[in-house]
Amino acid sequence: MKHFLPFQLLSWFFTCVTSSYSQSHSFANTREFNDSVIQPNLEKATYSLIYFYSDTCKYCHLFNPVFENLSTLYNKNDTGKSVHENESFQILKTNARVNKKLSKLFAIRHYPTLKLLHYPSKEILEYEGKRDLHSLIDYIESKTLIKPNYANFQSGVKDIQDPRELFRGEKEKVVIFIMSHMADWKDYHYPAHYIQSIANLYRAVDFYVCHGDDPQHAELLPQFGVSNFPSLVYIRSRKFKSLNTERLAYQTNYKFDGDKIGGFISSIDLDQSSWRLIEPVNEAQTSEETISSEENEENDDFDDIDDDDDDDIEHIEL
């Protein structure tokens, strides 16, 4: 759906008051504006994607983390650098219940609403797709040719490249075990996910995510007794504590959230009896097993060749 801003209405609503963006208390990339500073904000970019929300809307609260992630990928970061130096694109938000002029100007009838403004032509498109991060990124690129700047945010949570890295060094580690299809963990690399806040709070600890359906990580599941997802282990000096790892925990799985993880980590030293020993991945042993396995395969192949030769000799007609 699209419409155009009437010139008279646009002139009446827009003021020439100098303004600056008010930033979210949680995320410096968030830009919020109101009725008193409409034109100075909108004229800064060729395209503006505007999020109209209401504080009392439960669907807005569900969408807010996605919006924060989207703002991080497209707006200026904390260093003041932007992926779009000429401000060809920006993401804004406004409280539509409070800012009646903006609501009328953009014909807002429900919340949350996302509208894309092309400022030179005053054309407005209403976004009607799925309100997830990846769908919005695709939409923005299809309409503006603008790509996200993934360098705007450095994740505090790592993906496991080599399982042996969990047992190297003295630094304590937290490993979250998930499955790739879990919607709650699709955007864990982005700042609005609660695991990023927890990782930022406990900077002395390395945070990892392990995909339980990745064959390269298969040996970690029995090593830590993981049969339930999502779950967590805390590693310290070749010992570990676990949270939610057993299948019996599925009944309370929905409570596996930031509060539960934060509470577990903050109380990690209260019960010393629950630490369990772990055996690190033995690189030398793995190599020996591989060599031994290869030798056995060679011997098996050699035996097969001998058998084939015998069979051939038996069937030769003289």
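- For the protein chain, the name recorded in an unreviewed UniProt entry is Thioredoxin domain-containing protein, with Candida theae as its organism.

### Notes on helix α3 (residues 58-74)
Thinking step 1. For α3, spanning 17 residues, the distance from its first C-alpha to its last is 25 Å, which sits close to the expected 24 Å at 1.5 Å a residue.
Thinking step 2. Along its length, α3 shows its largest kink, about 40°, at N64, and proline P65 lies within four residues downstream of that point.
Thinking step 3. Of all the residues in α3, the buried ones are C60, F63, V66, F67, E68, N69, L70, S71, T72, L73 and Y74.

### A few points about the pairing of strand β12 (residues 239-243)
Thinking step 1. Pairing geometry for strand β11 (residues 231-236) and β12, over five bridges, is antiparallel. Residue pairing for β12: R236 is matched across the bridge by K239.
Thinking step 2. Here β11 folds back onto β12, and the loop between the two strands holds two residues, one of which, S237, carries a positive phi near 50°.
Thinking step 3. Both β12 and strand β13 (residues 276-277) contribute to a ladder of two bridges, which runs antiparallel. Within β13, the position partnered with F240 by the bridge is R276.

### Looking at the packing of α3 against helix α5 (residues 133-144)
Thinking step 1. Direction vectors running N to C along α3 and α5 enclose 45°, while the axes themselves pass 10 Å from each other. In terms of axis orientation, α3 runs oblique to α5. The chirality of how α3 crosses α5 is right-handed. Between α3, through F63, V66, N69, L70, L73 and Y74, and α5, the contact on the second element is made entirely by L133, L136, I137 and I140.
Thinking step 2. Residue composition of the contact of α3 with α5, by class: nine nonpolar, one polar and no charged.

### Here's the deal with the pattern of salt bridges
Thinking step 1. Throughout the structure, instances matching the rule amount to eight salt bridges.
Thinking step 2. Close ionic contact of R164 with D162 constitutes a salt bridge, the shortest N to O distance being 3.4 Å.
Thinking step 3. One salt bridge connects D269 with R236, and the closest N-O pair in it is separated by 2.7 Å. You can see D269 sitting in the loop between α8 (258-266) and β13 and its partner R236 sitting in strand β11, a full 33 residues away along the chain.
Thinking step 4. In this structure D269 comes out as partly exposed when scored by relative accessible area, which is 44%.
Thinking step 5. A cluster of three or more residues bridged by salt bridges with shared partners is formed by K158, K171 and D206.

### Considerations on the pairing of strand β10 (residues 206-211)
Thinking step 1. Taken across its six residues, β10 has five buried, putting it largely inside the fold.
Thinking step 2. Pairing between strand β8 (residues 157-159) and β10: three bridges, direction parallel. For V157, the partnering residue across the bridge sits in β10 and is F207.
Thinking step 3. Judged from the six bridges that link them, strand β9 (residues 173-178) and β10 form a sheet pairing that is parallel. What sits directly across from K173, in β10, is D206.
Thinking step 4. Of the crossover connections in this fold, the one passing from β9 over helix α6 (residues 194-201) to the parallel β10 is right-handed.

Rules used in this analysis
Residues numbered from 1 in each chain as written. Predicted model: local features only at pLDDT ≥ 70, side-chain atom pairs only at ≥ 80, totals over all residues. Heavy atoms only, no water. Helix = DSSP H or I, 4+ residues; strand = E, 2+ residues; numbered from the N terminus. Expected span 1.5 Å × (residues − 1). Bend = angle between axes of the 7 residues up to and from the residue. Buried < 20%, exposed > 50% of the residue type's maximum accessible area, 1.4 Å probe, protein only. Pairing = 2+ DSSP bridges. Axes fitted to C-alpha atoms, helices over the stretch in contact; angles between N-to-C directions. Parallel < 35°, antiparallel > 145°, perpendicular 65-115°, else oblique. Left-handed = near helix turned anticlockwise from the far one by under 90°. Contact = heavy atoms within 4.5 Å. Nonpolar A, V, L, I, M, F, W, Y, C, P; charged D, E, K, R; others polar. Salt bridge = Lys/Arg side-chain N within 4 Å of Asp/Glu carboxyl O. Right-handed = clockwise from strand over helix to strand, strands pointing away.

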